[in-house]
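Spelled out, the chains give:
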Protein chains: 2
Amino acid sequence: MSVPAAPLAGQFEGGCAFADGAYVPLTEARISLFDWGFTRSDATYDVATTWQGAFFRLDDHLDRFFASLSKLRLSIPYDRGELRQILHGCVRAGGLKDAYVAMICTRGVPPKGARDPRMAQNRFYAYALPYVWIASPEKQAQGIDLHVSSRQRISPASVDPTVKNYHWIDLVQSLFDAYDRGHDTSCVVDAEGCVTEGPGFNVFAVKDGVVHTSDHGVLEGISRRTAIELCARLDIPLRVAPLPVDLLRGADEVFITSSGGGVLPIAKIDGKPVPKFPGPVTQRLQDAYWAIHEEPQYRDPVQYT
Amino acid sequence: MSVPAAPLAGQFEGGCAFADGAYVPLTEARISLFDWGFTRSDATYDVATTWQGAFFRLDDHLDRFFASLSKLRLSIPYDRGELRQILHGCVRAGGLKDAYVAMICTRGVPPKGARDPRMAQNRFYAYALPYVWIASPEKQAQGIDLHVSSRQRISPASVDPTVKNYHWIDLVQSLFDAYDRGHDTSCVVDAEGCVTEGPGFNVFAVKDGVVHTSDHGVLEGISRRTAIELCARLDIPLRVAPLPVDLLRGADEVFITSSGGGVLPIAKIDGKPVPKFPGPVTQRLQDAYWAIHEEPQYRDPVQYT
């Protein structure tokens, strides 16, 4: 399907969506109440970011998005180049330098009375908003207090976690658990009681100089991958394996990774201070995370004029 | 919040929605792409039906819906009487005698950049459509072939299945498994390999005169409850307990229950004919299911004029 001409730079200042084949203001970004993407959460998505006017690792996000589509047997009417054009178009129209850029595919609206997912025409949506921090800069400075919920993340035996999906009731309920107890955010566990992930982020523990993160039951976050690759670059020992709660509670440093802020140090676990905040390993990874945003192989600059 | 005046009978002939506090045609039933009800599937819903001009067991659906809201810490701006008014209004405006009537509450659209579910204003939607059969009358006559998928239903340790929810990727993927193998629909299992439920229905097996259905990991369907209550009325022995796949495969009769058709006999399991189709116990329950639609205590007639 052809992509409409690039919108004017700043045409939808502050944010722009792409819905039903056209660039539109955010207020018009709506989906049918009957779309199975809503009524069955039968959808996948990805979120890339731009930082200082350039996408970061856009190709990795596109790779993951197309892989997710394939795993759920969804398709979009745009090829990779066209998708890239649309995402650039949203950022350009929004006039955004630092942006949160989502691409979404839903199963679509079924024909009347149909129950068969093959009968729906899949729908594609995208939008660019100002960059979203998973924790505000004030909260980051003050120190994030992470609650380890006893709720279990939806098992890979039910929903493939490598497909970025909207099945989040478990994560949202764990957030309520955290707030009830006076903490700032939360992570959930697997059936064996190992830490998996939180609402929109992966979890890392540093113990005796070794960085640990879960190998299963989690989204393979691009920021997680960046942190993993940076460990190799910086010669920081890394272990990707089941992450017991006790290892997290006994860690020297704890951090989370997200496209909504990169590498973010955690100050407390369930109210108990993490010994090193921000820890030296976390700090090195955080600095390196922002530094590689400058490297040409990861940058895809937006044309604003 | 006050409910708008009842719409005219047949004002939106064929179907009517209620969105943002007003009755609207179905084409205007849309939600924001940013509503957490979509982007986190943080929502609950219920589906009642009308049959020959009257709601069936509406109070049971309202009870379950309000219980689900409370479990997810959602709220709607209408009390029970107002909600009842809105649902009646949708059916009346749609001019529908046999209707599928949904009520939905979503977490809502977050303030800019917010991650905290407490900060969103919850949204309420409803709609009435023509009655939806989970299998067409032709397919029912021909005989439904049920695939037992090895996929696991999302565990109660992650998402409370008694809260009617849109976390359905597991069920949708099991449907693809079924279609790939030439079957008509599917059910999924739990971690112990016992049968749980299918996409929109509960599963029952009849063996040596005893009716079996799962006691856990399933939606507590109102049609399931009706079947259970009818077993008591009709002196049919019933066992509500984990339902091993082998019991299902070795059953004399198999049926499913859904608001989309009541009690529906299954002809084959994974292509293998069920010995009795439709079986005598299934037939008695099916007849009784429709017969009690006439009983005043279950009927809530719609005023069409």
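Whatever comes next refers back to the structure up there.
Residues numbered from 1 in each chain as written. Chains lettered and ligands numbered in written order. Predicted model: local features only at pLDDT ≥ 70, side-chain atom pairs only at ≥ 80, totals over all residues. Heavy atoms only, no water.

(A) Quick look at the pattern of salt bridges. Residues and elements named next belong to chain B. Using the criterion set out here, one finds 38 salt bridges over all chains in the structure. Notably, a salt bridge pairs R84 with D300, separated by 2.4 Å at the nearest N-O pair. Here the residue R84 occupies a position in helix α3 (residues 80-94), and D300 occupies one in strand β19 (residues 299-301), the gap between them amounting to 216 residues. A relative accessible area of 22% means that R84 is categorised as partly exposed. (Salt bridge = Lys/Arg side-chain N within 4 Å of Asp/Glu carboxyl O. Helix = DSSP H or I, 4+ residues; strand = E, 2+ residues; numbered from the N terminus. Buried < 20%, exposed > 50% of the residue type's maximum accessible area, 1.4 Å probe, protein only.)

(B) Looking closely at the packing of helix α2 (residues 58-71) of chain A against helix α3 (residues 80-94) of chain A. Residue and element names in this part refer to chain A. Contact geometry of α2 with α3 gives a least axis separation of 11 Å together with a crossing angle of 120°. As judged from the angle between their axes, α2 and α3 are oblique. In this structure, the crossing between α2 and α3 has a hand that is right-handed. In this structure, α2 uses L58, D59, L62, D63, F65 and F66 to contact α3, whose residues at the interface are R80, L83, R84, L87 and H88. A breakdown of the residues in the contact of α2 with α3 according to their chemical character gives six nonpolar, one polar and four charged. (Axes fitted to C-alpha atoms, helices over the stretch in contact; angles between N-to-C directions. Parallel < 35°, antiparallel > 145°, perpendicular 65-115°, else oblique. Left-handed = near helix turned anticlockwise from the far one by under 90°. Contact = heavy atoms within 4.5 Å. Nonpolar A, V, L, I, M, F, W, Y, C, P; charged D, E, K, R; others polar.)

(C) The sheet that holds strand β5 (residues 54-56) of chain B, seen in detail. Residues and elements named next belong to chain B. One open sheet holds the seven strands; their spatial order is β2-β1-β7-β6-β4-β5-β19, and the pairing between them is antiparallel. Two strands close off the open sheet at either side, each with one partner strand: β2 (22-24) and β19. Across the sheet, the mean angle separating the axes of adjacent strands is 25° when strand polarity is ignored. One ladder, built from two bridges, connects strand β4 (residues 43-51) with β5; its direction is antiparallel. Residue pairing across strands places W51 opposite A54, the latter belonging to β5. Each of β4, β5, β6 (99-106), β7 (123-130) and β19 is contacted by helix α2 (residues 58-71), which is oriented at about 175° to β4, the strand it contacts most. Those strands touched by α3 are β1 (16-19), β2, β4, β5, β6, β7 and β19, and its axis lies near 35° from that of β7. (Pairing = 2+ DSSP bridges.)

(D) Expanded view of the sheet that holds strand β4 (residues 43-51) of chain A. Residue and element names in this part refer to chain A. The strand order β2-β1-β7-β6-β4-β5-β19 describes an open sheet built from seven strands, whose pairing is antiparallel. At either margin of the open sheet sits one strand with a lone partner, and together these are β2 (22-25) and β19 (299-301). Geometrically, the sheet is characterised by an average inter-axis angle of 25° between neighbouring strands, direction not taken into account. Judged from the eight bridges that link them, β4 and strand β6 (residues 99-106) form a sheet pairing that is antiparallel. Residue pairing for β6: T49 is matched across the bridge by Y100.

(E) Broad picture of the state of the cysteines. In the structure shown here, the tally under the stated rule is zero disulfides over all chains. Not part of a disulfide, B:C16 finds its nearest cysteine sulfur in B:C90, a span of 4.3 Å. (Disulfide = S-S within 2.5 Å.)

(F) Region of the structure containing helix α6 (residues 222-233) of chain A. Residues and elements named next belong to chain A. The terminal C-alpha atoms of α6 lie 16 Å apart, and with 12 residues this matches the ideal 16 Å at 1.5 Å per residue to within 8%. Taken residue by residue, α6 has I222, S223, R224, T226, A227, L230 and C231 as its buried positions. Looking one or two residues past α6, D235 carries a phi angle of roughly 60°, positive in sign. (Expected span 1.5 Å × (residues − 1).)

(G) Here's a closer look at the environment of B:G95. Residue and element names in this part refer to chain B. Among the secondary structure elements, G95 is positioned in the loop between α3 and β6. Each C-alpha atom, one on G95 and one on G53, is 9.4 Å from the other, the two residues being 42 residues apart in sequence. For G95, the residues in contact, after removing those within four places along its chain, are G10 and E13.

(H) View of the interface of chain A and chain B. Facing 53 residues of chain A, the contacting portion of chain B comprises 53 residues. Between chain A and chain B, roughly 5,100 Å² of surface is buried when both sides are summed, and carbon and sulfur atoms account for 65% of that area. It is A:F38, A:R115 and A:I169 that lose the most area in chain A upon contact with chain B, and together they represent 15% of the buried surface on that side. Summed over the shared surface of chain A and chain B, the result is two salt bridges. Here B:R73 makes a salt bridge to A:D180, at a shortest N to O gap of 2.4 Å. Across the chain A-chain B interface, the total number found is 23 residue pairs in polar contact (both at pLDDT 80 or more). Every element with two or more residues in the side of chain A that touches chain B is listed here: β3 (30-32), α1 (36-39), β6, β7 (123-130), β8 (144-152) and α5 (169-180) of chain A. Across three bridges, the pairing between β3(A) and strand β3 (residues 30-32) of chain B is antiparallel. By the bridge assignment, A:S32 is partnered in β3(B) with B:R30. (Buried area = accessible area lost by both parts, 1.4 Å probe. Polar contact = N/O pair within 3.5 Å; in protein donor to acceptor, adjacent residues only side chain to side chain.)

(I) Focus on empty space enclosed by the protein. Residues and elements named next belong to chain B. Per the counting criterion, the structure on display carries three cavities of 30 Å³ or more. When its volume is computed, the largest cavity comes out at roughly 40 Å³. Lining of the largest cavity is provided by W51, A54, F55, F56, H293, E294, Y298 and R299. Top element by residues in the lining of the largest cavity is β5. It accounts for three residues. By residue class, the composition of the lining of the largest cavity is five nonpolar, one polar and two charged. (1 Å grid on protein atoms, 1.4 Å probe; cavity = no way out; pocket = protein on both sides within 12 Å on 5 of 7 lines; lining within 4 Å. Points joined across faces, edges and corners; volume = space filled by probe spheres on them.)

(J) View of the side chain of B:S214. Here B:S214 is to be found in the loop between β13 (210-213) and α6 (222-233). Reaching out from B:S214, the side chain makes a polar contact with the backbone oxygen of B:H216 at a distance of 3.0 Å.

(K) Examining the packing of aromatic side chains more closely. Here the structure, examined in full by the defined rule, presents 38 aromatic pairs over all chains. Ring centres of B:Y289 and B:W290 lie 5.1 Å apart, and the angle between their planes is 90°; this geometry places the pair in the edge-to-face category. A relative accessible area of 22% means that B:W290 is categorised as partly exposed. These aromatic residues form a ring-pair network of at least three members: A:W51, A:F56, A:Y131, A:W133, A:Y289, A:W290 and A:Y298. (Phe/Tyr/Trp six-rings, centres within 6.5 Å; stacked < 30°, edge-to-face > 60°.)

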